[in-house]
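The lines below spell out each chain.
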Amino acid sequence: MKKQFLSLATACLLVAASASAQVEADLTIKHGTVAPTIDGDPSDAVWALIDPVPVEKQFTTDPEASVTAFFKMFYTDDFLYLLVDVTDDVHYPLWKNPNDAKQNYLYDKVEVYFDVNDNLKDGGSPAHNGANTPPINPGHAQLAFDFDDEAQYGAGSILPSDVVYNFLSDQVLVAYNYKTGDQNSYVIEYEFPLEAFINDRDEALSMEAFKALPQGMGFDLTVVDNDNDGNGRKRTVWMSADAEAYQSMDGCGVVVFGDEELPAGSGIGMLDADVITCYPNPVTETLMVNGDFDGITLTNLAGQQVKHVAGTQVDVADLSAGLYIVQAYKDGVCKGVAKITKE
Ligand SMILES: [Ca+2]
Ligand SMILES: [Ca+2]
Ligand SMILES: [Ca+2]
Ligand SMILES: [Ca+2]
């Protein structure tokens with residue numbers, strides 16, 4: 001019996017040793033061909049195809065944050081796409097206290113971090129050296145634009161130039177908006193050109209270069225939560241909870257650019273989701289979706305999304321007659337799909 005236990009343990013060690021020879025990814029992202037519209041609206045069909053990654057670790061030295069968040073990420077031949085969804089009880093961004101711009105890092109915002117070097121655990125970070133003169137720590141970047149303008153919620157895409165350390169400056173398309181019916185919670189969409197990423201050998205990266213990174217891409221995401229409640233800055237992070245990614249990225253997550261393809265961008269590519277029941281079908285006025293869902297989209301056969309509503313019913317009276325694809329969502333994930341006829 002003892003001998004058998006030992007050989008089992010040996011077998012486990014061998015398995016562990018062979019696994020560690022590969023990159024240990026915290027997240028493997030898929031390749032797609034259809035870009036989302038960078039407008040702060042997460043209803044693009046492609047986002048529904050991607051699993052959300054929770055951001056739920058409390059930063060060790062902060063008071064506990066009252067915020068929940070997730071992100072989604074995928075890539076195309078030329079871009080990396082990121083969506084961040086933040087549910088907050090009190091939105092307190094910089095524009096509510098604009099005289100404090102020098103301390104913009106204390107206000108509601110999202111910070112994202114990248115490390116594109118072959119060797120990730122080098123102690124490096126995008127920390128500001130006081131002059132922001134590159135190279136600071138080559139291969140490391142932060143994008144942490146602040147919400148300094150109330151008018152930019154839902155106003156379309158911008159190229160934020162503030163608080164961008166290292167190579168990403170002025171190249172990243174960003175848009176944000178409040179979530180439906182809630183002026184405290186928000187969504188941010190990002191489009192990062194892959195060739196904007198420069199490693200410590202001063203090389204611009206391509207899709208092939210990202211896929212060939214020997215240790216994967218270092219990545220982390222911090223949600224800063226300020227509720228104007230006397231507790232100052234509170235933070236949740238994806239991975240590095242003991243050290244600020246701003247100071248060292250060694251504790252960050254590892255993202256691998258996988259080979260798996262996303263289905264073609266329109267809702268029609270999603271027929272592998274569970275089939276759901278919609279009634280009445282055919283429908284003329286109000287479509288009901290049967291099940292535990294909190295959102296519905298309708299896409300026409302040209303791949304255009306024509307409806308995106310919260311809840312389990314949707315008013316279709318204004319749609320022209322024809323076939324539509326229904327997708328039903330729970331917590332941002334597409335759980336079901338069906339085809340309906342509008343009469
Ligand atoms: Ca969008
Ligand atoms: Ca909060
Ligand atoms: Ca590093
Ligand atoms: Ca807040």
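Source: prediction; values computed, not measured.

**Description of the overall build of the protein chain**
Next up, step 1: Per the secondary structure count, the protein chain includes 3 helices and 21 strands.
Next up, step 2: Nonlocal contacts in the protein chain, meaning residues at least 24 apart in sequence, comprise 65% of its contacts between residues at least 6 apart.

**Let's talk about the sheet that holds strand 19 (residues 313–315)**
Next up, step 1: Taking strand neighbours across the sheet as the criterion, the 3 strands line up as 15-16-19 in an open arrangement whose pairing is antiparallel. Unpaired on one side and paired on the other, strand 15 (277–279) and strand 19 mark the two borders of the sheet. Going across the sheet, the axis of each strand differs from the next one's by a mean of 20°, ignoring polarity.
Next up, step 2: Sheet topology places strand 15 next to strand 16 (residues 286–290); 3 bridges connect them, and they run antiparallel. Across the sheet, Thr277 pairs through a bridge with Asn290, a residue of strand 16.

**Remarks on the nonpolar core**
Next up, step 1: Leu82, Val84 and Val326 are the most contacted members of the largest nonpolar core, which has 82 residues in total.
Next up, step 2: Three or more residues apiece are contributed to this core by two domains, here domain 1 (27–261) and domain 2 (267–342).
Next up, step 3: When near neighbours in sequence (up to four residues on either side) are disregarded, Leu82 contacts Phe71, Met73, Val112 and Tyr190.

**Observations concerning unusual backbone geometry**
Next up, step 1: Cis peptide bonds are those with omega within 30 degrees of zero, and the linkage from Tyr279 to Pro280 qualifies with -10°.
Next up, step 2: In this model, Asn281 is joined to Pro282 through a cis peptide bond whose omega is 5°.
Next up, step 3: Within the secondary structure, Pro282 is located in the loop between strand 15 and strand 16.
Next up, step 4: If you check the backbone angles, Asp202 has positive phi at about 65° while not being a glycine.
Next up, step 5: You can see Asp202 is positioned in the loop between strand 10 (182–193) and helix 3 (207–211).
Next up, step 6: Taking the number of C-beta atoms within 10 Å as the measure of exposure, Asp202 has 10 and is therefore exposed.
Next up, step 7: For Asn228, which is not glycine, the phi dihedral falls at a positive 55°.

**Focus on the pairing of strand 10**
Next up, step 1: Pairing of strand 5 (residues 79–88) with strand 10 involves 8 bridges; the strand directions are antiparallel. Residue pairing across strands places Leu82 opposite Tyr190, the latter belonging to strand 10.
Next up, step 2: The hairpin formed by strand 9 (residues 173–179) and strand 10 contains 2 residues between the paired strands, and Gly181 there has a positive phi angle of roughly 70°.

**What about the environment of Val314?**
Next up, step 1: Residue placement: Val314 occurs in strand 19.
Next up, step 2: The class for Val314 is buried, based on 23 C-beta atoms found within 10 Å.
Next up, step 3: It is 8.6 Å that separates the C-alpha atoms of Val314 and Val289, two residues lying 25 residues apart in sequence.
Next up, step 4: The residues touching Val314, leaving out its near neighbours within four places in the chain, are Leu287, Ile296, Leu298, Lys307 and Val309.

**Side note on the confidence of the model for the protein chain**
Next up, step 1: Taken residue by residue, the protein chain gives an average pLDDT of 86. The fraction at 70 or more is 85%.
Next up, step 2: When the criterion is pLDDT under 50, residues 1–21 qualifies, and its contacts beyond four places in sequence or with other chains add up to 0 contacts.
Next up, step 3: This stretch, residues 265–271, has a pLDDT under 50; its non-local contacts, to residues over four places away or in other chains, come to 24 contacts.

**Here's the deal with the environment of Gly139**
Next up, step 1: Along the polypeptide, Gly139 turns up in the loop between strand 6 (109–115) and strand 7 (140–143).
Next up, step 2: Along the chain, Gly139 and Ile198 lie 59 residues apart, while their C-alpha atoms are 5.8 Å from each other.
Next up, step 3: Excluding anything up to four places from it in sequence, Gly139 contacts Asp115, Val116, Asn117, Gly124, Asn199 and Asp200.

**Comments concerning the environment of Lys72**
Next up, step 1: Among the structural elements, Lys72 can be located in strand 4 (residues 67–75).
Next up, step 2: On a C-alpha basis, the gap between Lys72 and Leu49 in space is 9.7 Å, while along the polypeptide they are 23 residues apart.
Next up, step 3: Apart from the residues lying within four places of it in its own chain, the contact partners of Lys72 are Trp47, Ile50, Pro52, Val53 and Leu83.

The rules we used
- Residues numbered from 1 in each chain as written.
- Chains lettered and ligands numbered in written order.
- Predicted model: local features only at pLDDT ≥ 70, side-chain atom pairs only at ≥ 80, totals over all residues.
- Helix = DSSP H or I, 4+ residues; strand = E, 2+ residues; numbered from the N terminus.
- Contact = placed C-beta atoms within 7 Å.
- Pairing = 2+ DSSP bridges.
- Axes fitted to C-alpha atoms, helices over the stretch in contact; angles between N-to-C directions.
- Core = buried A, V, L, I, M, F, W, Y, C linked by C-beta atoms within 7 Å.
- Buried ≥ 20, exposed ≤ 12 C-beta atoms within 10 Å, placed from the backbone.
- Domains from an automatic or database assignment.
- pLDDT = per-residue confidence, 0-100.

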